[in-house]
Every structure is written in structure tokens, then in C-alpha cells.
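Breakdown of the fold
Below, each chain spelled out in residue letters.
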Amino acid sequence: MDYKGFSSSSTSFNGFGNRTQANFNLAGPSGSTGLNRPVQNNIANGVNSGGYPPTTSQNTNMRMGKCTCCDSTLRFPITVSCFRCTVCQTINDLKPSIQRSEPITPLTLDRIRSMIDTCIVHSNGKGTPNYELLEQAIQKAFSNWYILNESFSNGRPVALDDCGVALDDVREAYRIICDLPESVIRSMMKSTENILKRPGRMLKRKEDIKFLMIILENPLLGQHNYPQELYHHHDIIKRIFGLLSNLSNELHHYLVNWFTRLSVNIFRKRIELVNSFITFLLNKQRNTSPRIPPDYESDWKISSAARVMALLFAANKQSSKVSLSDFYNTFVDYIDLLTDYNTWEQRSGKFAFCQYPFLISMGGKIKIIDYDAKRQKDMKAQEALYTIFFYKRITTPTLNLKIRRDYLIEDSLKQIENSLKHIEDYNSEIGMELKKSLRIEFVGEDGVDAGGLRKEWFLLLVRHLFDPKFGMFTWDEDSKLCWFNPASLETSDQYYLVGIVIGLAIYNSTILDVHLPLACYKKLFGIYVGLEDLKVFQPSFAKGLEQLLTFEGDVESTFCRDFVGEYEAFGELKRVPLIHNGENMPVTKYNRGDYVERYVNFVLNDSITEQFESFKRGFYHVCGGNALSLFQPEEIELLVRGSAEPLEIDELKAVTVYERFSEDEETIRNFWSLFREMDPQMQRKLLTFVTGTDRIPATGLANLAFKISCIGEDSERFPIAHTCFNQLCLYRYRSRKKLEEKLKRSIMESEGFGLK
């Protein structure tokens, strides 16, 4: 797996789309400098990234190499053993600069404590202890790769599941050192910077990078009490990230596995360190050079930090330590994301944050997908006008659907199919017609679709298609989620329509009351689904499978199962062999793992292949663009269904618009008072009553249009809700009690109109 982002390039780039060109200084063991020449483009572009082979240039006395920190490509004489990068000033040793000629004394927690005790004893309790001996030991260890790399060993060999470093000892050692005099701390930090400027060797083996794991544990890296400290610590951080990001893919694989073994608290601190560094650099650039194209496109420090975050993100995909939102860098939202998206789409070779979309918040991604949708809609509108003027062919710049309410599904499916056939006849761009701006007209009803009719169409269609009585989806009472019905009698066209509806909802920024589990969206992205996913939407069944896996007794006689999958089809139990002759193969203690794996695959994949493939085809006919690839499955679910975050009444009140009501009149004050007093479940029901869903927009309540209108003076009639406009219509009820009774009865008696 490549952890360097979504772009095919992993090098550092300048503003012209080529790899960074750098002059260089030669630095021998004594640090002397010499030749200074630029790199030629045709040679630079032929150098492999991430290592030295150094490549011989046209001049047989010169060769090419890459800086291990900033990844700049450099040319140097073939006779030298090291070179200094003029971009980041790192000295790159082609051969180890320090030979291990004598035994070394690595740092350990016990040794540090012992030296502190010695310093205290020598002071005889008179005055401040002299920590010079300890300072010298720390300075020597943190300046020498051999010593630091062997320090704090846990005595175990380096492996995928063990970095070979006693990290708890390292953290305790840093805690002790941070309580010592400032001179000791300053010496440690300076030595750390020096070893990062010149590690003294190429970092090729997994055993070579233990010192980086030790340095990463330094808590002072995230401490910035005054400006000088801020800049000094960020100079160290940029070198750590530079070295980590330019390691080989094999070593990245080790790092990812080591990161998965960090505690949640430490793991979150690593994310915060990377994000604070990116924020610092972006803020610095914005204050000093607000130029177009932006400076970050050619800043090796930002690209290195992004690649390190990619390692942490890959680790989180394996271990699920934190939520996706922990990776968001809100400062990235303030850059020109649309320009960044265009740069990424052009595959120009420049760095773009869209290569690392986990850094972009949901708000930023929605901004991009809205831009992409608008761009495609505008393009279709222009094509429609072009077709009218030049080909005299009748077409429209919008996708207009005329729907009879009594034939909602039939009319929707037929007209969508006709739209696809129309575009297929002319230029075979299937699905582009669906990316026009959607307009809905209900036959026999007056009204212009300004968004309300479109939302009503979505709500009604979803309620019909996902109603368990319709038979396309099954419903689980425990999870309140639905899944594709393997016994459905509906045609594949119906599932195709569901996929199109969900895709259209994304492109038209409409939240749907769709109770599909995360597994559905993972399957859309081609991501593996298994028992953990089954637990989400069929918890009782998944629990039974887990009990089978952990049962200590006689599995065969107790469970009496064979290798057959089962599902109910209109009251009749259907049995499908999971393997050849599966009905005659009992499940035993020795094959139960295989049985569970096959059964889970049967439920999630094999039994619904036809249904899901039609659904997927419909979805991608609408959402096949590049913008969708910026999202994770969890984010697509959030985009479709909205967020289940607790309702913040004050936030909702702040965005509410009033019609023929004033904010401070009694009815409105009573409404908000009642809303606050409701339990969370009742609050969700009220939200469903008004908006058609109990979810809020993915970007929060601030982006929810909520309206309260007055429809008359005190009355015995009940409140009315127009879900297509998120509008609640109230009378000026004479008392708080009457408002409460009317409102709650309206909410409760409206249940059953929608999905179960």
C-alpha cells in the first residue's frame, strides 16, 4: 500500500509542475562545501523517488540523488560520500559517517534516574545539584545515531507489531528531563536538531528508524510558549516529518503498524502535532505571501506533514482509534479549495490538499462537491442551448420530471430511463443528463419548483421505496436499519432507481430519511465488509455467529448447523448452500471459522449481488465524478442521511426564520421552552415532523433552514408542517398547555406516515 496520498507523485514540486530543482553544497566529513550547480529537468525527472540509487548523469563524473528530508533532486560528484541539500540544509551521507569502533552506552530510564541521584548526592544537599554529567550524557546520546537508536530498547527484535523501543520508558524519561534545569533541556533539543540535520546514514532498514520513534515522543515538540520556542520546535518538527515521509514504502508499512499500537490519547496527540504544524505553515504563508498560485503547492514541509498524516490515517483505518473529524484541519478550509481541486484534477504534479482529503472537513468537501455539481449543471445547460441553436433539436437545460402522485415510482423510473435513452442516442454520455438541475412538477397541481417540490419528491419516493411492505428492503427492529432483500420480486430497475435517487440527493444537497447501514456505502467504494459491519445492522444475528465462534462445547451437536445460508421469502424459508454439497456438511469446531466467514459474505454480498449491482449502477450514473472520491464511506453516509449529533436548541433557534411571528412573542417563547423540555427522542420526532428526517445537515444546525409561520389566531386546529420547506405552521394558541397538547398530538399522530 502506498501511504503518500492520492497523487501518483510523491516528490516535492515547484510552481511549474516539475520536481524541485536545487543547487547543492558538498559536505565532506569535516563539513567543507564546494561545487554548486543546478539540476537539468530531463535528468531530474528520471530519478526514482525515495532513495539514492544515485543515477549517473550525462557527465560520467556526476550522479543524481534525493535529499532524505525534503526529497529534492540533486546532482553531485561521483567521488563524494555525502552532500548537503541547499533546500533544507540536511547533510545526506551516502555511507555511514560515524563508524561504531567502541562499545556504546545507550540511555535507559534507570540510567537517567541513577545519574540524577548521583548529581544530588554530590551536591550534599548544599545548593542546586550540578547536572553537568547528565547533560553531557544526554547531549552525546541525542547527537549520535548509534547511541540514540539503541537507547530505551525493550529487548525485543524490531517487527511489524513491535518497534523495539520501550515507549513508556521514553515518555517517563522525557517527563523527568523536562523537570531539570533549562540548560539540560536546551542541550537535548539542540542535539535532537543536529541528529535530524545529519542522521549520518541512509535509513533503509526497520532497525534504522527507532531513533525517530524516540524523538516523536518528545512532549516539547507541541509546546510553544514564546515565539522563539515556536520557530525552533517547528524547525525540528519539519525535519522529523521530512525523514518520516521519505522513507521507503516498506518502512512506512512498519510505521503504520507501530502507530496502530499507540494508545488513543497518544495517537490523538500525534494527529494534533501534524495539524498544528500545517496550520502554522499555512498561517505564516497567508500573512507573508498571499499569492496565486498558493505557496503551499511547492512547500516541501507541508507535503511532508501531509504524508505523515497519511500514515496516521492508514493506521486509524486499521484500528479505528479516533473519528474522521479528528483528522480535519479547519485552517485548510480557508485556502482556495476550488483552485486546489482544479489543480488536483489536472494531475499537474503540484501538491494539492485534495491528494490528502482526510485533512479537509465535511464543510470543505461539500463546498467542492457543490461546486462540481454546479459546474456540471452549467455545462449541461450550455450544451442544451448549443443543441437548440446549432442542431435545432429540442432540449432543456434542466431535468424536468412530471409526476403523478398515484404513480410515483412508475413515473419517476420511466422518465429517468427516457432521459438516459435520450442522451445515449446522441452522445453516449450516460448519466450526464441526470446532472442537470432537477425540477419536479406534480401533475394537476399548481406550483413552481423552487426546491420544495424537489424535496417532497425525494421524501415521498424514499418512503415508498424503503417501506418494508414494498419488499425491496428488509427491516431490523433492533438496529432500525434496512438491507437489500434477497427475496425481492422487484426488478433490477427499481434498485437502479434507488441508486439514482441517492445520487441525485447528493448532487441536489438534499438529506434523505434513508436507513441504510455504513456497509452499503463501503460496498459502493469497493471496501471489504465483514462481521463487524454485520453487527451494525443485524446485531442479534451477528451475536449468534460470535457465540458459535467462541463456544467451548460440542459445536456440531449443539448448534446443528450445516454449510447453508438461509433467508425468508414471503413466509417461506429459502436455503442456499454456501459451498458445493454444503447441505451435507455439518459445522464443527474445526470449520466454524470458515462457516461464519462464508455466511457473512452470503448476507453482505452473494445473496444480494443482482440488487446491489443495480443500485450501484444507478448511484454511479449520477455520482461518478472526481469530487466523490474525496469522501470516505462514513462521510457519504453523513452526506446522505445527515448527522445524528445531539440537538443544540440554541443553535437551531439562532438560524430560525419567522413569518408573521416575532421572536419575542408568547407563542414562540412557549414553543422553544417546550422544545427544550422534551426528551431527546421527542426532540428528534419534532425535527422529523418539520423536516422529514431526524438528522441534521452534515455541517451542523447552522446550515439548516428552519421556519416557523403563523397561520392564524387561537384555534382548535392542529399545527401543520411543510417538510419540503422545513416549515412549522402554528396558531397563536392562547396558552402554553394548549400549544403543548396540540403540538405533541400532531407529532405522535403523524408517525407511521414515513418509514417505520
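Residues numbered from 1 in each chain as written. Predicted model: local features only at pLDDT ≥ 70, side-chain atom pairs only at ≥ 80, totals over all residues. Heavy atoms only, no water.

Selection criterion: UniProt positions are given in the numbering used here, feature names are shortened, and annotations may be inferred rather than shown by experiment.
Within an unreviewed UniProt entry, the label attached to the protein chain reads HECT-type E3 ubiquitin transferase, and the organism entered is Rhizophagus irregularis. Quoted straight from UniProt, the Catalytic activity (unreviewed entry) entry for the protein chain says "S-ubiquitinyl-[E2 ubiquitin-conjugating enzyme]-L-cysteine + [acceptor protein]-L-lysine = [E2 ubiquitin-conjugating enzyme]-L-cysteine + N(6)-ubiquitinyl-[acceptor protein]-L-lysine."

1. Some remarks on the pairing of strand β4 (residues 73–77)
Selection rule: Under the scheme applied here, a residue whose accessible area is under 20% of the maximum for its type counts as buried, over 50% as exposed, and between as partly exposed, the area being computed with a 1.4 Å probe on protein chains only. In DSSP terms, a helix is any run of H or I states spanning at least four residues, a strand is any run of E spanning at least two, and both are numbered starting from the N terminus. Pairing between strands requires that DSSP locate at least two bridges from one strand to the other.
For β4, a buried count of five out of five residues is recorded, marking the element as mostly surrounded by other parts of the structure. As paired elements, strand β3 (residues 62–66) and β4 share five bridges and run antiparallel to each other. Across the sheet, residue M64 finds its bridge partner in β4, namely R75. Counting the residues that bridge the hairpin from β3 to β4 gives six residues, and of these D71 lies at a positive phi of roughly 70°.

2. Observations concerning the pairing of strand β14 (residues 706–710)
Taking burial as the measure, the five residues of β14 include four buried ones, the bulk of the element. As judged from the four bridges shared by strand β13 (residues 656–659) and β14, these two strands associate in the parallel manner. Looking across to β14, one finds that V657 is bridged to K707. By the bridge criterion, four bridges tie β14 to strand β16 (residues 727–730) in an arrangement that is parallel. Across the sheet, residue I708 finds its bridge partner in β16, namely L728.

3. What to know about the nonpolar core
It is characteristic of soluble globular proteins that their nonpolar side chains tend to be buried jointly. Basically, it comes down to this: Nonpolar cores are built from buried Ala, Val, Leu, Ile, Met, Phe, Trp, Tyr and Cys residues. Side-chain atoms within 4.5 Å join them into one set. All domain edges in this entry derive from an automatic or database-based domain assignment. Pairs of residues are marked as contacts when any of their non-hydrogen atoms sit within 4.5 Å.
In this structure, F259, F353, W457, L516 and F615 are the most contacted members of the largest nonpolar core, which totals 189 residues. Of the domains in this structure, domain 1 (62–93) and domain 2 (109–358) are the two that each give at least three residues to this core. The residues contacting F259, other than those within four sequence positions of it, are M213, L216, F267, L311, L312, A315 and K321.

4. Regarding the UniProt feature "active site" (unreviewed entry) in the protein chain
UniProt's feature table lists "active site" (unreviewed entry) at C724, given in the numbering used throughout. Along the chain, C724 turns up in the loop between β15 (720–722) and β16.

5. Overview of the pattern of salt bridges
Note the following rule: The salt bridge criterion pairs a side-chain nitrogen of Lys or Arg with a carboxyl oxygen of Asp or Glu, the two atoms within 4 Å.
Considering all chains together, one arrives at 41 salt bridges under this definition. Here R736 and E677 are joined by a salt bridge, their closest N and O atoms 2.7 Å apart. Separated by 59 residues along the polypeptide, R736 in helix α27 (residues 736–749) and E677 in helix α25 (residues 666–677) bring together distant segments of the chain. For E677, a relative accessible area of 55% corresponds to the exposed category. It is possible to trace a salt-bridge network through shared partners that takes in D714, E716, R734, K738 and K742.

6. Some points on the side chain of T343
With respect to the helices, strands and loops of the structure, T343 is situated in helix α12 (residues 337–345). Residue T343 is classed as buried on the basis of its relative accessible area of 9%. Among residues more than four places away in sequence, those in contact with T343 are E297, S348 and K350.

7. Concerning helix α23 (residues 633–641)
Burial runs high along α23: seven of the nine residues are buried. Among the residues making up α23, those that are buried are P633, E635, I636, E637, L639, V640 and R641. After α23 finishes, the residue G642 shows a positive phi value of roughly 90°.

8. Points about unusual backbone geometry
Here C560, not a glycine, exhibits a phi torsion of approximately 50°, which is positive. When you line up the elements, C560 lands in the loop between α20 (555–559) and β11 (564–569). With phi around 65°, N581 is a residue other than glycine that occupies positive phi space. Looking at the element boundaries, N581 is found in the loop between β12 (572–577) and α21 (592–604).

9. Notes on the side chain of D476
Going by this rule: Positive charge is attributed to Lys and Arg, negative charge to Asp and Glu, and no charge count is given to His or to the chain ends. In protein, a polar contact requires one atom able to donate a hydrogen and another able to accept it; more generally it is a pair of N or O atoms within 3.5 Å, and residues adjacent in sequence count only if both atoms are side-chain atoms.
Tracing the backbone shows D476 in strand β9 (residues 473–476). At 7.9 Å, K480 is the nearest oppositely charged side chain to D476, a buried residue that forms no salt bridge. There is a polar contact of 2.9 Å between the side chain of D476 and the backbone nitrogen of S479. With residues up to four places along the chain from it excluded, the contact list for D476 reads L481, F537, Q538 and P539.

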